[in-house]
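Take a look at the letters that make up each chain.
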Amino acid sequence: MDDLARWLEKLGLARYAQLFAENDIDLDTLPHLTDEELKELGLSLGHRAKLRTALRTLVENDPSARAGPPDSREGKFQPADAERRQVSVLFCDLVASSALSTQLDAEDYRELIRAYQNACVSVVARFDGFPAKFMDDGLLIYFGWPRAHEDEAGRAINAGLGILDAVQSLTAVKGTTILRCFA
């Protein structure tokens, strides 16, 4: 343990020497700890990065440090650690908006599109969706990313129905309802 304490002191991380000793971590086992395990021990992100950099140098200079214990998880896929998540994607688009763009003044059309996008985004937020991309009068929306739920497809469907309701009630430029323009 003295080797580890001296090494940590050189790195400016001497305060972790006691913590590592209490957890039976020495210079042989330290290179095989995962970032998650170091985080669990209470190391900050900056200190974990500093430690990882120093460990890479240590391993490069000491070939015996590369072997690791037989149960080392480094570089091996662990199915128990993996988690599959479903993502649902919703694309919504204003029907016949190109025709409408020729009927309206450019500023009025921009105001109409902005009102439509704002209505869509507020509905999507209620269902915890992520508006990934705005494409003129279209929106690409993810459900299940960046935060996963058990019912992504249902959220996407309900958001789509909510968008239809929101667009119906939207009063656009000069008092016309968007839905009537696209019926």
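Scroll up for the structure.
Residues numbered from 1 in each chain as written. Predicted model: local features only at pLDDT ≥ 70, side-chain atom pairs only at ≥ 80, totals over all residues. Heavy atoms only, no water.

A. Examining the nonpolar core more closely. Cys92, Tyr116, Ile141, Phe143 and Ile163 are the most contacted members of the largest nonpolar core, which has 22 residues in total. It is helix 6 (residues 106–126) that contributes the most residues to this core, eight residues altogether. For Phe143, the residues in contact, after removing those within four places along its chain, are Gln86, Val87, Ser88, Leu90, Val124, Phe127, Asp128, Gly129, Glu152, Arg155, Ala156 and Ala159. In this structure, Tyr16, Ala17, Phe20 and Ala54 belong to the second largest nonpolar core, which totals 16 residues. (Core = buried A, V, L, I, M, F, W, Y, C linked by side-chain atoms within 4.5 Å. Buried < 20%, exposed > 50% of the residue type's maximum accessible area, 1.4 Å probe, protein only. Helix = DSSP H or I, 4+ residues; strand = E, 2+ residues; numbered from the N terminus. Contact = heavy atoms within 4.5 Å.)

B. Structural context of the packing of helix 6 against helix 7 (residues 152–169). Between helix 6 and helix 7, the least distance of the axes is 9 Å, while the angle of their chain directions is 140°. Compared by their axis directions, helix 6 and helix 7 come out oblique. Crossing of helix 6 against helix 7: the hand is right-handed. Packed against helix 6, whose contacting residues are Tyr116, Ala119, Cys120, Val123 and Val124, the element helix 7 presents Ala159, Gly162, Ile163, Ala166 and Val167 at the interface. When the residues that make up the contact of helix 6 with helix 7 are grouped by side-chain class, the tally is nine nonpolar, one polar and no charged. (Axes fitted to C-alpha atoms, helices over the stretch in contact; angles between N-to-C directions. Parallel < 35°, antiparallel > 145°, perpendicular 65-115°, else oblique. Left-handed = near helix turned anticlockwise from the far one by under 90°. Nonpolar A, V, L, I, M, F, W, Y, C, P; charged D, E, K, R; others polar.)

C. Expanded view of helix 1 (residues 2–11). The complete set of buried residues in helix 1 reads Leu4, Trp7, Leu8 and Leu11. Relative to the axis of helix 1, the buried residues are bounded by an arc of 100° and lie together on one face. Turned more than 90 degrees away from the buried face of helix 1, the exposed residues are Asp2, Glu9 and Lys10. After helix 1 finishes, the residue Gly12 shows a positive phi value of roughly 80°. (Arc of directions from axis to C-beta.)

D. Geometry of the state of the cysteines. Under the counting rule described, the total for this entry stands at zero disulfides. Unpaired in this structure, Cys120 has its nearest cysteine sulfur neighbour in Cys92, at a distance of 4.1 Å. (Disulfide = S-S within 2.5 Å.)

E. A look at the packing of aromatic side chains. In the structure shown here, the tally under the stated rule is four aromatic pairs. Judged by centre distance (4.9 Å) and plane angle (80°), the ring pair of Phe130 and Trp145 falls under edge-to-face. One end of the pair, Phe130, is in strand 2 (residues 130–135); the other, Trp145, is in the loop between strand 3 (138–143) and helix 7, and 15 residues separate them in sequence. For Trp145, a relative accessible area of 45% puts it in the partly exposed group. Of the aromatic side chains, those joined through ring pairs into one cluster are Phe130, Tyr142 and Trp145. (Phe/Tyr/Trp six-rings, centres within 6.5 Å; stacked < 30°, edge-to-face > 60°.)

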